[in-house]
Structure formats: structure tokens, C-alpha cells
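Chain by chain, the residues run as shown.
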Amino acid sequence: MSQEKLAEAVGARAAEFGVPGMSVGILVDGREIFASHGVTSLADPTPVDERTLFHLASVSKTFTATALMRLVAEGKVDLDAPVRRYVPELRLADDGAAERITVLNLLNHTAGLDWNLIDDGRGDRSLAGLVAKLHELPLIAPPGTRASYSQAGYNLAGRIIEKVTDLPFEQAVASLLLRPVGLSDTVYGLAEVMVRTFAVGYNRGDDGALEPARPWGAFREGARADNPGGGLASSASDLLRWARFQLGDGEGVLPAAALRRMRERTVELRSSSLGDGFGVCWFLRDLDGVQGIGHGGSGAGQFAELLIVPEWNFAVVALSNVGPDGYTCNQSVLKWALEHYLGVVEKEPEPVPYDEALARQVTGRYDIDAMNVDIATDGTLLTLAVEIKPEIREASDEEMPPGYPPATLAFLPGDGDEYVVLEGGLKGERGYFSRDPHGTVTGIDLGGRLFSRVRRDS
């Protein structure tokens, strides 16, 4: 497959979804192929290329997990050990949970920690400062009983790295991983981003106009406590180098067996567009009988996707700079790449007809710390809307990304709890509703996160 065909496909999808700038990389048959579209900034239109930095957001977690796996391979950390062995000062809302949570629970999102603590820009914004406040974070389940995607869990994992290495997290990851792997354009913090070519993120307003996203990335400058879970910036070129490393022999950084262990299933995921399960950090996906491992990231007006197919020595990276449609655009590129390079066509789920009685069981409001999810029905269809909580938006002195307006949601065949979003910026997103022993709906799993029900609409 030629570079021209890839460039044509990327350009068509960027135009379809209104993406100002996009960078895509493919690793196939040992070759790297890149295609870029558009500009880094509408105000200063520099062409995007494979070395343009984008915010990786949660793709950063793959680096944090791999750095921690190096410490495991060196005998400095035990995956099955309680986190308190390394962070003895850890306090949580339930002290019993704080005693039982293991390092692996953090890395496969089974610690029972809610999404995250909101950074208000005040106080101690280091990882030590975050740990000191973790007792304020709600617990959604006993440790080890269910998967729920947690930024706080990965930030706590970053504190383990600091404690074990006696280095600031960013220096530790650079020393353990970034420098030895040769990732010179994979960096934390605006001071490093600014001296390289980088993409400005954009959000589309209600009138369709694009406005620069602020802050750059997903977090206020200085929010070091969120670096393990989402602080890196990188390029398509560096991410393919990262994919080669994950597919290789460890390059003396850590044993190949440790990399392979990260791909082994540690927990199942139910009805999730993220995949079928978690390894150590990686989302695991069945691709027509072949295993894919990957991770995505959503920042302020920037979206990143990395998918690796180890059996085929194949990888695809997609980076884009507009919200909310950059996510859908990236997903479209991944599907195109899988079909055209590997002949893999992912089947679209087929929803069942609208059921009024079932719809009435799930309508209402669900939330996590920063966001509300509203499920509503007009008697003919269900809709799902996602919005940053108004009080958080009003209290912030930073511009915040727009929410996702109501989009049609439909149930999937089976027990009546699994669903798929049929339109909008979350099109294709799958999840399920949780019930208590009496059958009452108590939560919704969206994007791998459990949103608890706070209001029932009859």
C-alpha cells in the first residue's frame, strides 16, 4: 500500500470530520509510512508532519505502565504487592481498601477508585499532594471486583515510581524509558513542547466555529499530579518507534517477557468499545481472530489513538486536533488501516428495536467527579448526553471543552443492559448498565468508566 493511498485516505477523513490538522503513521512489513493533513494552527498555519507534537492524554498510561514493568523486572516492585508497601502514607475513603489495593489493581483499573480528583490549580499539585488528598475520592467497588477506568489509579502508580526511584516522576520515566528507547520527541510539560513543532487543539462551538482549546493538553500547567495518567506529548514518528519497541525484544531496557506479559489478559471487559479486556494497561481487542492491543487518549481539543497487532508486526497511530470529532475521525482511520493493510473488517453491532419499558428503567442522571451523563427518552428513542458539571465549568477560569449533545442510544441483543451510541461524537461507543441485586439500574459504564446513578426519571 503506497504512501499516496494513505495520504488520500487521511485527507478524505480529515475533510469529512473537519479536522484542521492530523498525523497518521503505519508500521507494516517492517516499513514506516506517514501521512499528514492540514496545519498545526489556524492562526499560524504550519503544515503538520510526522514530527509534530500532539497531546497524547491517556496514551501516556502505556509509558507509565511500561516504566513500572521495568522496575518489576528489576525486582524493585512486585505487581501483587499492596500499594502501601511503596506508598505507606496512602489513605482512602475506606481504610480496608487502602490496605488491599495492589500495584496490578492500579495498572488494570480494578482498584475500585473513581475517575479522578479535580485539579483546582491550588495547593500541592505534585503526586505527593495528590496522594494526600486521595481519601476524598469516592470508591466505586471493592478492590479487584470490577474494572473501571481510573486516572487517579495511574497517577498513584506514578507515585510508586517516584518512591522506588527517588526521582521526580518525569525524570524517572525519562531515565527508565524515554532516553534508552530513543524517544527524543516524547516529553512532559509545556517547556519541552514549546521548543518543538506542536499542534494547537480546537473545539467546535454550537455555531460550528473552531476556537483554540485552553489549556493546551488536558490539564492546567503545573498539574504534575496528572502526568502519569495523561501528561505526555509526542509525535506519530515517536509513537511508531514506541510500537516497534513494544513489538521487540526489550532492547536491553526490560526483558521481552515483560512486554509480552503486558499483553496477557488480566481482567475481562463487558460490552466495551475499548476492547474485550485489560492486560497490564493495554486494551485487548479481538480483530477477526487476531489480538490487537491499543490505547486512546482524549485531551482538550486533541485526540490520540495507538493500535498494535503483534501477530502481524503491525501498528497504526492517529493524532488529530479538533473536539469532539477528532475521536471519530481517528477511529475511522484505524478501521480503514485494518481493512486495507490486514484485511480485517470489524463488525458493527446491530441494535434491537426501541423498548419503552426498558427505556424507562434507565432514564435519569449518572455522574463521576467532573461529568454528568443524562439518559432521556421521548417515547420513540433513547438519547445520551455528556456534559461537564455546570458548577465546575462556572468555577473554572479556563475555557473547557464542550459536552456531547443528546445522541441516539440503542440496546444490543442479550440481557437488555448493553448499548451502543448511534450518532454524534461518541458514535460507536459501547457500554452497559449496572443493576443491584433487586434489578434496579445503579450505573452506566461509558468509556470504561462507571458513572453512578444520582437521579431516576420516571
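The model shown is predicted, which means the values in this text are computed figures rather than measured ones.

**Observations regarding the overall build of the protein chain**
Right, so step 1: Counting its regular elements, the protein chain contains 14 helices and 22 strands.
Right, so step 2: Taking 23 Å as the expected radius of gyration for a compact globule of 458 residues, we find that the protein chain reaches 21 Å, a close match to that expectation.
Right, so step 3: Structurally, the protein chain occupies a C-alpha span of about 60 × 55 × 45 Å along its principal axes.
Right, so step 4: Classification of the 458 residues of the protein chain by burial places 58% in the buried group.
Right, so step 5: A separation of at least 24 residues holds for 62% of the contacts in the protein chain among residues at least 6 apart in sequence.
Right, so step 6: For the protein chain, the accessible area works out to roughly 18,100 Å², and carbon and sulfur atoms hold 49% of it.
Right, so step 7: Positive and negative side-chain charges in the protein chain, numbering 44 and 65 respectively, have mean positions lying 3 Å apart.

**Focus: the pairing of strand S9 (residues 275-278)**
Right, so step 1: Taken together, the 3 bridges between strand S8 (residues 267-272) and S9 define a ladder with antiparallel strand orientation. Note that in S9 the partner of Glu-268 across the bridge is Gly-277.
Right, so step 2: Where S8 hands over to S9, the hairpin turn is made up of 2 residues, counted between the paired strands.
Right, so step 3: Count of turn residues in the S9/strand S10 (residues 283-287) antiparallel hairpin: 4 residues, of which Cys-281 carries a positive phi of about 80°.

**Here we look at the pattern of salt bridges**
Right, so step 1: Per the stated rule, a full pass over the model turns up 26 salt bridges.
Right, so step 2: In this structure, the salt-bridge partner of Arg-244 is Glu-32, at a minimum N-O distance of 2.8 Å. Of this pair, Arg-244 sits in helix H10 (residues 236-247) while Glu-32 sits in strand S2 (residues 31-38); the two residues are 212 residues apart in sequence, bridging distant segments of the chain.
Right, so step 3: Take Arg-244: its relative accessible area is 31%, and that puts it in the partly exposed class.
Right, so step 4: Asp-417 serves as the salt-bridge partner of Arg-435, at 2.7 Å between the closest nitrogen and oxygen. Highlighted residues: Arg-435 in strand S20 (residues 430-435) and Asp-417 in the loop between strand S18 (404-411) and strand S19 (418-421), separated in sequence by 18 residues.
Right, so step 5: Judged by its relative accessible area of 29%, Arg-435 falls in the partly exposed class.

**Section: the environment of Thr-328**
Right, so step 1: Its location among the elements puts Thr-328 in helix H12 (residues 325-342).
Right, so step 2: The sequence separation of Thr-328 and Arg-435 amounts to 107 residues, and the corresponding C-alpha distance is 30 Å.
Right, so step 3: Sequence-distant contacts of Thr-328, that is, excluding residues within four places in its chain, are made with Phe-17, Gly-424 and Gly-425.
Right, so step 4: Of the polar contacts made by the side chain of Thr-328, one reaches the backbone oxygen of Gly-425; its length is 3.3 Å.

**Overview of helix H6 (residues 151-165)**
Right, so step 1: Over its 15 residues, H6 runs 22 Å from end to end, which matches the ideal 21 Å to within 8%, given 1.5 Å per residue.
Right, so step 2: Among the 15 residues in H6, 12 count as buried, and that is most of the element.
Right, so step 3: Restricting attention to buried positions, one finds in H6 the residues Gln-151, Ala-152, Gly-153, Tyr-154, Asn-155, Leu-156, Ala-157, Gly-158, Arg-159, Ile-160, Ile-161 and Glu-162.
Right, so step 4: Where H6 is buried, its residues meet helix H2 (60-73), helix H4 (103-107), helix H5 (127-133), helix H7 (169-181) and helix H9 (227-230).
Right, so step 5: The distance from a side-chain oxygen at the start of H6 to the backbone nitrogen of Ala-152 is 3.4 Å, and the residue carrying that oxygen is Ser-150.
Right, so step 6: The first or second residue beyond H6 is Asp-166, which carries a positive phi of 60°.

**Regarding the pairing of strand S13 (residues 314-320)**
Right, so step 1: Burial analysis of S13 places 7 of its 7 residues in the buried class, which makes it a mostly covered element.
Right, so step 2: Taking every second residue as pointing to the same face, both faces of S13 are buried, with Phe-314, Val-316, Ala-318 and Ser-320 on one and Ala-315, Val-317 and Leu-319 on the other.
Right, so step 3: Two elements, strand S1 (residues 21-28) and S13, share 6 bridges in a ladder whose sense is antiparallel. Along S13, the bridge assignment pairs Val-24 with Ala-318.
Right, so step 4: With 7 bridges connecting them, strand S12 (residues 303-309) and S13 associate as antiparallel partners. Looking across to S13, one finds that Ile-308 is bridged to Ala-315.
Right, so step 5: Between S12 and the antiparallel strand that follows it, S13, lie 4 residues; Asn-313 among them carries a positive phi value of about 50°.

**Quick notes on the sheet that holds strand S4 (residues 187-188)**
Remark on secondary structure: sheet strands pair via backbone hydrogen bonds, oriented parallel or antiparallel.
Right, so step 1: Taking strand neighbours across the sheet as the criterion, the 3 strands line up as S3-S7-S4 in an open arrangement whose pairing is antiparallel. Because the sheet does not close on itself, it has two edges, and the strands there are strand S3 (54-55) and S4.
Right, so step 2: Where S4 lies against strand S7 (residues 232-234), 2 bridges are found, and the strand directions are antiparallel. Counted as the bridge partner of Tyr-188 is Leu-232 from S7.

**Describing the packing of aromatic side chains**
Right, so step 1: Scanning all chains against the criterion turns up 12 aromatic pairs.
Right, so step 2: Between Phe-198 and Trp-216, the ring centres sit 5.9 Å apart and the planes meet at 85°, which makes this aromatic pair edge-to-face. Here Phe-198, found in the loop between helix H8 (190-193) and strand S5 (202-204), pairs with Trp-216, found in the loop between strand S6 (210-212) and H9; they are 18 residues apart in sequence, far enough to count as distant.
Right, so step 3: A residue is classified by how much of its surface remains accessible, and Phe-198, at 28% relative accessible area, is partly exposed.

**Some points on unusual backbone geometry**
Right, so step 1: Omega for the bond connecting Arg-214 with Pro-215 falls within 30 degrees of zero, at 0°, which places this linkage in the cis form.
Right, so step 2: Along the polypeptide, Pro-215 turns up in the loop between S6 and H9.
Right, so step 3: Between Gly-323 and the following residue, Pro-324, the backbone shows a cis peptide bond with an omega angle of 0°.
Right, so step 4: Locating Pro-324 in the fold gives a position in the loop between strand S14 (322-323) and H12.
Right, so step 5: Positive phi, normally seen in glycine, also occurs at Asp-166, with a value near 60°.
Right, so step 6: You can see Asp-166 is positioned in the loop between H6 and H7.
Right, so step 7: On the basis of relative accessible area, Asp-166 is assigned to the exposed category, the value being 70%.
Right, so step 8: Phi is positive for Asn-313, close to 50°, though the residue is something other than glycine.
Right, so step 9: Following the sequence through the fold, Asn-313 ends up in the loop between S12 and S13.
Right, so step 10: What makes Asn-313 partly exposed here is its relative accessible area of 36%.

What counts and what doesn't
Residues numbered from 1 in each chain as written. Predicted model: local features only at pLDDT ≥ 70, side-chain atom pairs only at ≥ 80, totals over all residues. Heavy atoms only, no water. Helix = DSSP H or I, 4+ residues; strand = E, 2+ residues; numbered from the N terminus. Rg over C-alpha atoms; globule rule 2.2 N^0.38 Å. Buried < 20%, exposed > 50% of the residue type's maximum accessible area, 1.4 Å probe, protein only. Contact = heavy atoms within 4.5 Å. Areas by Shrake-Rupley, 256 points an atom, 1.4 Å probe, with all protein chains shown as cover. Lys, Arg positive; Asp, Glu negative; His and termini not counted. Charge placed at Lys NZ, Arg CZ, Asp CG, Glu CD. Pairing = 2+ DSSP bridges. Salt bridge = Lys/Arg side-chain N within 4 Å of Asp/Glu carboxyl O. Polar contact = N/O pair within 3.5 Å; in protein donor to acceptor, adjacent residues only side chain to side chain. Expected span 1.5 Å × (residues − 1). Phe/Tyr/Trp six-rings, centres within 6.5 Å; stacked < 30°, edge-to-face > 60°.

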